[in-house]
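Structural description and commentary
So the chains spell out like this:
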Amino acid sequence: MTDYRDDDEAPRPPRPAGEGVRIIGAEEAARALEEGQAEGRMPDDAPRYGDVPRPPEGPRSGYRFPLPESVDPASAVPRPPLADGQPDEYGDDFYEEDPDAGPPTQQVELPHWTEPPSGEVPRILAGEEGEGDDLGAWAGLAANQGPRWRDSSSDWEEGDFDDLLEDDDVRLGALDVNRTEHSDLFSFDEPEAEEAEPVYAEPEPAPRRTVTTPIRTRPEPDYAAPGGGSRDIGTAAGIGVAIGAVALACFKAGPAVTMVLVLLVLTMAAVEVYDVLRRAGYRPATLLGLTATVSMLLAAYNEGESAVPLVLALTVVFSFLWYLFEVVRARATINVAATLLGFMWVGFLGGFAGLLLRLPNRHGVAALLGAVLCTVAYDVGGLFFGSQMGSRPLLPHISPNKTVEGLSGGMLAAVVVGLLFGVLVDPWSPMQGLALGLVVAAAAPLGDLAESMNKRDLGIKDMGTILPGHGGVLDRFDAMLFVLPAAYYLVKLLKLG
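Conventions we followed
- Residues numbered from 1 in each chain as written.
- Predicted model: local features only at pLDDT ≥ 70, side-chain atom pairs only at ≥ 80, totals over all residues.
- Heavy atoms only, no water.
- Helix = DSSP H or I, 4+ residues; strand = E, 2+ residues; numbered from the N terminus.
- Buried < 20%, exposed > 50% of the residue type's maximum accessible area, 1.4 Å probe, protein only.
- Polar contact = N/O pair within 3.5 Å; in protein donor to acceptor, adjacent residues only side chain to side chain.
- Contact = heavy atoms within 4.5 Å.
- Expected span 1.5 Å × (residues − 1).
- Arc of directions from axis to C-beta.
- Pairing = 2+ DSSP bridges.
- Salt bridge = Lys/Arg side-chain N within 4 Å of Asp/Glu carboxyl O.
- Phe/Tyr/Trp six-rings, centres within 6.5 Å; stacked < 30°, edge-to-face > 60°.

The step from D426 to P427 runs through a cis peptide bond, and the omega angle for that step is 10 degrees. Of note, P427 is situated in the loop between α11 (404–424) and α12 (430–458). Phi at N361 is positive, roughly 60 degrees, even though this residue is not glycine. Structurally, the position occupied by N361 is in the loop between α9 (352–357) and α10 (363–389). Take N361: its relative accessible area is 65%, and that puts it in the exposed class.

So this is what it looks like as C-alpha cells:
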C-alpha cells in the first residue's frame, strides 16, 4: 500500500509504555479469571470471525434480478405479517392506537445481507399526489421546451430562441452583432495605478548606463592581447610572398589572366562566407550566391556598368523565389538576408575589379595593381607598427588586436606606397598616386573592421584555414573589397581610363 504521508509531517507520538506479551503460569491465569481481568475460552458453538451466519428464516422469493416483465414486483416476495403499530400498504398512520405512545418495540425483520436481491424498487406513479412530490414542477415545462437536435443550417433559422436575446441591455463580446472583425474583443483595460503619496528623500545618483551583451551560444574567439598576434609570422610572410609573386605574374600577363585570378579569389571568398553562415545556424542559398558572384564579375568585365543593376536585381528576385518554392525549406526572411549578405559583400563589391580590368590600354590593370599594393602596404604597416608600438586598443569590442598606433602606421604606409606608385607607373602622376593612397587609407580600415565585426558576431577567429598563417582567403582580402569601389570611382574622377 502506498504511503502518501508527507515526509515533512511531524512524527507520531510514541505509544505509552506497556507490559507487552507475557507468558504466565496456570495459577496466575486462574487468579486473573477469578478477579475478572481475563476471559476464558469461548465455547465451541459461539460465532467466530469469518463464520458465515445462518440464513434467515421466513418466506423467500423464487425470482432473481432482473425480474421478468410478467412478474409484478409487489407480489414477487411474500410480505411478512405486519407487526402491531406498523403502517399498512394504504398509508395509514404509523401508530394506530396511540400516536403519542412512541415507537413500537417489535420491528419488522429485514432480509439478511447474504440473501440475493429481490428486485423490489420504489413505486413512483405520476397520478399520485402527496406531500413532497415534485412531479408538478416538471409538468410545468411545455413540450416544445425540451432538448432539440439541430444538424443542418436550416434548423438554426427558426426563431424559437431569439426571444432570449431580446432585452434592453447592451450586448458585449460575442453577443454584439455590430462587432467588426478587428474589434477589441480580447483586449483588456489595464488597471489604473493608484497614486502614491510623494515621498521626499535625498536624490540618488543616476546609475551608469551599461550595454547589455546578448547571450551567445557559440564560444568567444581566442584573441591575443592588444599589440600582439598569435600567428606564425614566418609562415604568413612566406605565403604572402608566394601570393604576391603569382599576382604580379598575372598582372604582367594582361587583363584576361588577371580576371581569372580575381574570379578564383572571389569564388573562394564567397564559399568561405556561406560556409561560415551555414555553420552558424543559417541556411543560405549557397549555390545561388556563388552563381551570382561569378555572374556579377563576368558581367561587369564583359558588359560594364550597365550589367551590374541587372545581376543585382536578378539575385534579389531569385533569392526570394529560392525559399518561396522551397528549394531550401527554411525560414525565408533571415535566410534571404544571409544569402544577399554573402553576395553583396563578396560578389557586388568584388565586381568592381571587373569594371577596373575593363578599362582600355591596360589602364585598368595599372589601377587594380595600385589598389592592391596600397592595401598590402596598409596591412603590413598596421601589423608592424601595432606589434612594435601598439598600446591603445582601437575598438576592443570589435577587434582587441587592433590598436590606434597600428591604424596610424598602416594608413601612413598606404599613402607612401601610393605616392611611389604614382611616380613609377604610367599614366599615374605623383598627385594621383597620393590620392589613391589616401583613398585606400580611408577604405581599407573599414573593410578590415567590417570583417572583424562579423567574425565577432559569429563567434569565430578566422573565416577559413586555406592560407596558413593568414586564415582564409577573405581574411587576407577583406580590406580589398572596400578598396575596389573607391579605387574605381577615383579612376573615373581622375579620368585615367
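This next bit is on the side chain of D475. You can see D475 is positioned in helix α13 (residues 473–494). Of the residues examined, D475 reaches a relative accessible area of 8% and is grouped as buried. At 2.7 Å, the side chain of D475 and the backbone nitrogen of G472 are in polar contact. Not counting chain neighbours up to four residues away, the residues in contact with D475 comprise E451, K455, D462, M463, G464 and H470.

On to helix α6 (residues 286–303). With 18 residues, α6 extends 25 Å from end C-alpha to end C-alpha; this agrees with the ideal 26 Å at 1.5 Å per step. L288, G289, A292, T293, M296, L297, A299 and A300 are the residues of α6 that are buried. For α6, the angular spread of the buried residues around the axis is 165 degrees, confining them to a single face. Turning to α6, the residues buried within the fold contact α5 (255–279), α7 (307–324), α8 (332–350) and α9. Residue G304 follows α6 closely and has a positive phi angle near 90 degrees.

It is worth spelling out the environment of M259 at this point. Here M259 is to be found in helix α5. Residue M259 is classed as buried on the basis of its relative accessible area, which comes to 5%. Contact partners of M259, with chain neighbours within four places excluded, come to L297, L298, Y301, G354 and L357.

This part takes up the pairing of strand β2 (residues 399–403). Among the five residues of β2, four are classified as buried, and the element is accordingly described as predominantly covered. Pairing of strand β1 (residues 393–395) with β2, which is carried by two bridges, proceeds in the antiparallel orientation. Its bridge partner being in β2, L395 is matched across the sheet by S399.

On to the pattern of salt bridges, then. By the definition in use, this model includes nine salt bridges. Between D275 and R278 there is a salt bridge whose closest N-O contact spans 2.7 Å. Of the two residues, D275 and R278 both sit in helix α5, three residues apart, roughly one turn of that helix. Judged by its relative accessible area of 27%, D275 falls in the partly exposed class. Taking the relative accessible area as the measure of exposure, R278 reaches 49% and is therefore partly exposed. For the salt bridge of R476 with D379, the shortest nitrogen-to-oxygen distance reads 3.6 Å. Here the residue R476 occupies a position in helix α13, and D379 occupies one in helix α10, the gap between them amounting to 97 residues.

Let's shift gears to α11. With 21 residues, α11 should reach 30 Å at 1.5 Å per residue; the first-to-last C-alpha distance of 31 Å fits that figure. Those residues of α11 that sit buried are E405, G406, L407, G409, G410, A413, A414, V415, G418, F421 and G422. Buried residues along α11 sit against α10, β1, β2 and α12.

On to the packing of aromatic side chains, then. Tallied over the entire structure, the rule returns six aromatic pairs. Arranged with centres 5.2 Å apart and planes meeting at 75 degrees, the rings of Y488 and Y489 form a pair that is edge-to-face. We classify Y488 as buried; its relative accessible area is 7%. The rings of F348, F352, Y488 and Y489 are connected pair by pair, giving a single aromatic cluster.

With respect to the element layout, K402 can be found in strand β2. Within polar-contact distance, the side chain of K402 engages the side chain of S399 at 3.3 Å. Excluding its chain neighbours within four sequence positions, the residues that come into contact with K402 are R392, P393, L394, L395, D448, L449 and S452.

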